[in-house]
Amino acid sequence: MTAIDSLPPLRDVINTHDLKARKSLGQNFLLDLNLTAKIARQAGDLTACDVLEIGPGPGGLTRALLSEGARHVLAIEKDARCLPALAEISDAYPGRLTVIEGDALDIDPLAHLTPPIRIAANLPYNVGTELLVRWLTPPQWPPFWESLTLMFQREVAERIVAQPGSKAYGRLALLAQWRADARIVMHLPPEAFTPAPKVSSAVVHLTALAEPRFPADPAVLSRIVAMAFNQRRKMLRSALKGAASDIEDRLIAAGLKPTDRAEQIPLEGFCALAREIAKP
């Protein structure tokens, strides 16, 4: 294993600070610094960027981001046990790491970040999807971030990049692909982690688009997509009957068949339907 800095190997850090991963926090630590460096490189050139990291744990990815040249890293960590290890990283990279103790779902990071901003994280399994949806559905677009480089369970990663007609295709794919380019850039087996999870993982890289691919009201689009995939086996006219009293007419006006099912409809079709439903 190649050293990326003068700090101790992560296994030693974990032993020194007694950082046993906690299932309740969705923790699975990635100890191979070669892998964390590879993930950091997927985020692109960071030398002119601030980076937001969620759930750094013992700091493997944190160290990689700083070693790869990130201008500044803001790490939000809920587990107070990890703070001493992160403080050692801060000392090794003076002025380039800020650590906030708390829940990422409750903290506004923007007061501590200067654009351009990228997000890179091995997200805790129990909050990863919720954070992604928040980042994809801000009140204003473009968002505060330029790109997201995020590790998920492989199943979640496949849902983000899924195409119409696949079992994985659904709300997450539509929200991600409406406003971003999304692709899987790495696969990681369970044995790469400590403790080893029961499933494989994957890193997804999303680049924010300047504008959505197709025009649509965000609230309307989100609502009809949620309705359609909540009852994905039903025909659209049945799944969306609460969206408008004349839903069949609006489906036809959007160029869709009332007898289609949600998994058959591409992003462009859902956006066309959202525009039709938004009409008086």
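Scroll up to find the structure this text is about.
All values derive from a computational prediction rather than experimental measurement.

> Hey, could you run me through helix H3 (residues 60-67) in this one?
Given 3.6 residues to a turn, an α-helix orients residues that are three or four positions apart in the same direction. Along H3, seven of the eight residues are buried, which leaves the element largely enclosed by surrounding structure. Along H3, the residues that are buried comprise Gly60, Leu61, Thr62, Arg63, Ala64, Leu65 and Leu66. Looking one or two residues past H3, glycine 69 carries a phi angle of roughly 105 degrees, positive in sign.

> Is there a simple way to explain the side chain of glutamate 77 in this structure?
On the secondary structure map, glutamate 77 appears in strand S3 (residues 72-77). A polar contact of 2.8 Å, which involves the side chain of glutamate 77, links it to the backbone nitrogen of aspartate 79. For glutamate 77, the residues in contact, after removing those within four places along its chain, are Gln27, Gly55, Pro56, Gly57, Cys82, Leu83, Leu86, Ile100, Glu101 and Gly102.

> Looking at this model, I keep getting lost on the packing of helix H7 (residues 171-179) against helix H11 (residues 267-278). Mind explaining?
Axes are the key here: two packed helices are described by the angle between their axes and the distance separating the axes. Put simply, H7 and H11 touch, their axes get as near as 10 Å, and they point 85 degrees apart. Compared by their axis directions, H7 and H11 come out roughly perpendicular. Of the residues in H11, those in contact with Leu174, Gln177 and Trp178 of H7 are Leu267, Phe270 and Cys271. Tallied by class, residues from the contact of H7 with H11 come to five nonpolar, one polar and no charged.

> What exactly am I supposed to notice about the environment of valine 73 here?
Relative to the assigned elements, valine 73 resides in strand S3. Distance in space between the C-alpha atoms of valine 73 and cysteine 271 is 36 Å, their sequence separation being 198 residues. Once you skip the residues sitting within four places of it in the chain, valine 73 turns out to touch Val51, Glu53, Thr62, Leu65, Leu66, Arg96, Leu97 and Thr98.

> Explain the sheet that holds strand S7 (residues 180-188) to me, please; I cannot follow it from the model alone.
Each strand in a sheet pairs with another by means of backbone hydrogen bonds, the pair being arranged parallel or else antiparallel. Read across the open sheet, the seven strands follow the order S4-S3-S2-S5-S6-S9-S7; overall the sheet is mixed. Each edge of the open sheet is held by one strand with a lone partner, namely strand S4 (97-101) and S7. Taken pair by pair, the neighbouring strands of this sheet meet at an average axis angle of 20 degrees, ignoring direction. When strand S2 (residues 50-54) meets S3, the two strands line up parallel, connected through five bridges.

> Sorry, what's going on with the packing of aromatic side chains here?
For any two aromatic rings, the description comes down to two numbers: the centre-to-centre distance and the angle of the planes. Scanning all chains against the criterion turns up three aromatic pairs. Here tryptophan 141 and tryptophan 145 contribute two aromatic rings whose centre-to-centre distance is 5.8 Å and whose plane-to-plane angle is 85 degrees, an arrangement assigned as edge-to-face. Since its relative accessible area comes to 16%, tryptophan 141 is described here as buried. Taking 5.7 Å as the distance between ring centres and 35 degrees as the angle between the ring planes, the aromatic pair formed by phenylalanine 229 and phenylalanine 270 counts as tilted. In this pair, phenylalanine 229 is assigned in helix H8 (residues 218-230) and phenylalanine 270 in helix H11, connecting sequence segments 41 residues apart. Of the two residues, phenylalanine 229 and phenylalanine 270, both sit in the buried class.

> How should the pattern of salt bridges be read in this particular structure?
A complete count under the given rule lists 12 salt bridges for this structure. Glutamate 68 is the partner of arginine 41 in a salt bridge, and the nearest nitrogen-oxygen pair spans 3.3 Å. Separated by 27 residues along the polypeptide, arginine 41 in helix H2 (residues 33-42) and glutamate 68 in the loop between H3 and S3 bring together distant segments of the chain. In this structure, lysine 78 and aspartate 103 form a salt bridge, with 3.6 Å as the shortest nitrogen-oxygen distance. A residue pair is termed long-range when its members are at least 10 positions apart, and lysine 78 in the loop between S3 and helix H4 (83-92) and aspartate 103 in the loop between S4 and strand S5 (117-122) qualify at 25 residues.

> Mind showing me how you'd approach the packing of helix H5 (residues 128-136) against H7 here?
At a minimum axis distance of 10 Å, the contact between H5 and H7 shows a crossing angle of 35 degrees. Note on packing geometry: the crossing formed by H5 with H7 is left-handed. Contact residues: H5 offers Thr129, Leu132, Val133 and Leu136, while H7 offers Arg171, Leu172, Leu175, Ala176 and Arg179. Class assignment of the residues belonging to the contact of H5 with H7 gives a composition of six nonpolar, one polar and two charged.

Quick notes on the rules
Residues numbered from 1 in each chain as written. Predicted model: local features only at pLDDT ≥ 70, side-chain atom pairs only at ≥ 80, totals over all residues. Heavy atoms only, no water. Buried < 20%, exposed > 50% of the residue type's maximum accessible area, 1.4 Å probe, protein only. Helix = DSSP H or I, 4+ residues; strand = E, 2+ residues; numbered from the N terminus. Polar contact = N/O pair within 3.5 Å; in protein donor to acceptor, adjacent residues only side chain to side chain. Contact = heavy atoms within 4.5 Å. Axes fitted to C-alpha atoms, helices over the stretch in contact; angles between N-to-C directions. Parallel < 35°, antiparallel > 145°, perpendicular 65-115°, else oblique. Nonpolar A, V, L, I, M, F, W, Y, C, P; charged D, E, K, R; others polar. Pairing = 2+ DSSP bridges. Phe/Tyr/Trp six-rings, centres within 6.5 Å; stacked < 30°, edge-to-face > 60°. Salt bridge = Lys/Arg side-chain N within 4 Å of Asp/Glu carboxyl O. Left-handed = near helix turned anticlockwise from the far one by under 90°.

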